Amino acid sequence: PALSHIHTIHYDGKLSIVQVKIATGRTHQIRVHLQDHGTPVYGDDVYGLSDWNKALSSRKGILRPLLHAQRLEIDHPVTGENMIFEAKVAADMMGVIKAIWPAGEKL
């Protein structure tokens, strides 16, 4: 079975900023689990809320799911070496985060 650990960082009464740690790697796992959790990914046309996605598109010009892999940690398949990759949150997503949670600029 697919396993995801979901932690709500901030909730403004409408939208949530969550951190997800996955223990397995299934197709669409995070998106499906967030939908089941009641916090679908904003901008996700498959598992999200279509009216919210339309509003995101018209108000912010964002046409993609607001899903970001801040940290990816894997073991190299040949050497077994632990590899860590980190990436900053994209500017369009950071704008939405700041609107929900002004202190979120520290992410």
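For every chain, the first residue of its written sequence is number 1, and the numbers climb from 1 along that sequence. Owing to the predicted nature of the model, reporting of local features is limited to residues with pLDDT of at least 70; listing and counting of side-chain atom pairs is limited to 80 or more, with chain, interface and lining totals taken over all residues. With hydrogens and water stripped out, all remaining heavy atoms of the structure feed into the side-chain values.

Draft legend 1. Region of the structure containing the nonpolar core. The biggest cluster of nonpolar side chains holds 12 residues, and these are L15, I17, Y42, L56, I62, L66, V89, M93, M94, V96, I97 and I100. The helix count covers DSSP runs of H or I at least four residues long, the strand count covers runs of E at least two residues long, and both are numbered beginning at the N terminus. Here this core takes five residues from helix α3 (residues 91-100), the largest share from any one element. Filtering out sequence-adjacent residues up to four positions away, M94 remains in contact with V89, G104, E105 and L107. Only buried residues count toward a nonpolar core. Its members are Ala, Val, Leu, Ile, Met, Phe, Trp, Tyr and Cys residues joined through side-chain atoms within 4.5 Å. Here the term buried applies to any residue with accessible area under 20% of the maximum for its type, exposed to any over 50%, and partly exposed to those in between, with areas from a 1.4 Å probe on protein chains only. Working rule for contacts: check all heavy atoms of both residues, and any pair within 4.5 Å makes them a contact.

Draft legend 2. Focus on the pairing of strand β2 (residues 16-22). Here strand β1 (residues 4-11) pairs with β2 via seven bridges, running antiparallel. The residue of β2 that forms the bridge with I6 is V20. We call two strands paired when DSSP finds no fewer than two bridges between them. The hairpin formed by β1 and β2 contains four residues between the paired strands, and G13 there has a positive phi angle of roughly 100 degrees.

Draft legend 3. Expanded view of the packing of aromatic side chains. The rule is short: rings of Phe, Tyr and Trp, with Trp giving its six-membered ring, pair when the centres are within 6.5 Å, and they are stacked under 30 degrees, edge-to-face over 60, tilted in between. What the rule picks out here adds up to one aromatic pair. Summarising the aromatic geometry, the rings of Y42 and W52 are spaced 6.3 Å apart at their centres and angled 75 degrees between planes, so their arrangement reads as edge-to-face. Within this pair, whereas Y42 is found in the loop between α1 (29-37) and α2 (50-60), its partner W52 is found in helix α2, the two being separated by 10 residues in sequence. Look at Y42 and you get buried, because its relative accessible area is 18%.

Draft legend 4. Up close: the pattern of salt bridges. Between Lys or Arg on one side and Asp or Glu on the other, a salt bridge is scored when a side-chain nitrogen of the former is within 4 Å of a carboxyl oxygen of the latter. All told, the structure shown has four salt bridges when counted by the stated rule. Here D44 makes a salt bridge to R31, at a shortest N to O gap of 2.6 Å. With D44 in the loop between α1 and α2 and R31 in helix α1, the pair connects residues that are 13 residues apart, well separated along the chain. For the pair formed by D44 and R31, the shared burial category is buried. Linking R71 and E86 is a salt bridge whose minimum nitrogen-to-oxygen distance equals 2.9 Å.

Draft legend 5. Representation of the layout of surface pockets within the structure. The space that makes up the largest pocket amounts to roughly 1200 Å³. Along its surface, the largest pocket is lined by 37 residues, and V18, Q19, V20, L67 and H68 are the ones closest to its centre. Broken down by element, the residue count for the lining of the largest pocket peaks at seven residues, all from β2. Points on a 1 Å grid over protein atoms alone make up a cavity when a 1.4 Å probe fits among them but cannot get out, and a pocket when they form an open set with protein on both sides within 12 Å along at least five of seven lines; lining residues each have an atom within 4 Å of a point. Grid points are joined across faces, edges and corners, and a volume is the space filled by probe spheres set on the points. Taken as a whole, the second largest pocket encloses approximately 260 Å³ of empty space.

Draft legend 6. Region of interest: a nonpolar patch on the surface. Every patch collects residues that have over 30% relative accessible area and no salt bridge, joining them within 9 Å if they carry like charges and within 5 Å if they are nonpolar side chains (Val, Leu, Ile, Met, Phe, Trp, Tyr). Each accessible area is a Shrake-Rupley result for a 1.4 Å probe, and residues are judged covered by the shown protein chains and nothing else. A cluster of nonpolar side chains, namely L72, I74 and F85, defines an oily patch on the protein surface of about 260 Å² accessible area. Following the sequence through the fold, L72 ends up in strand β3 (residues 71-75). Classification of L72 as partly exposed rests on a relative accessible area of 44%.

Draft legend 7. Structural view of the environment of E73. With respect to the helices, strands and loops of the structure, E73 is situated in strand β3. Here the alpha-carbon distance between E73 and F85, two residues 12 residues apart in the chain, equals 6.4 Å. Setting aside anything within four residues of it in sequence, one finds E73 in contact with N82, M83 and I84. Within the local environment of E73, its side chain forms a polar contact with the side chain of R71, the two groups lying 3.1 Å apart. Here a polar contact means two N or O atoms within 3.5 Å. Within protein one must be a hydrogen donor candidate and the other an acceptor candidate, and residues neighboring in sequence count only if both atoms are side-chain atoms.

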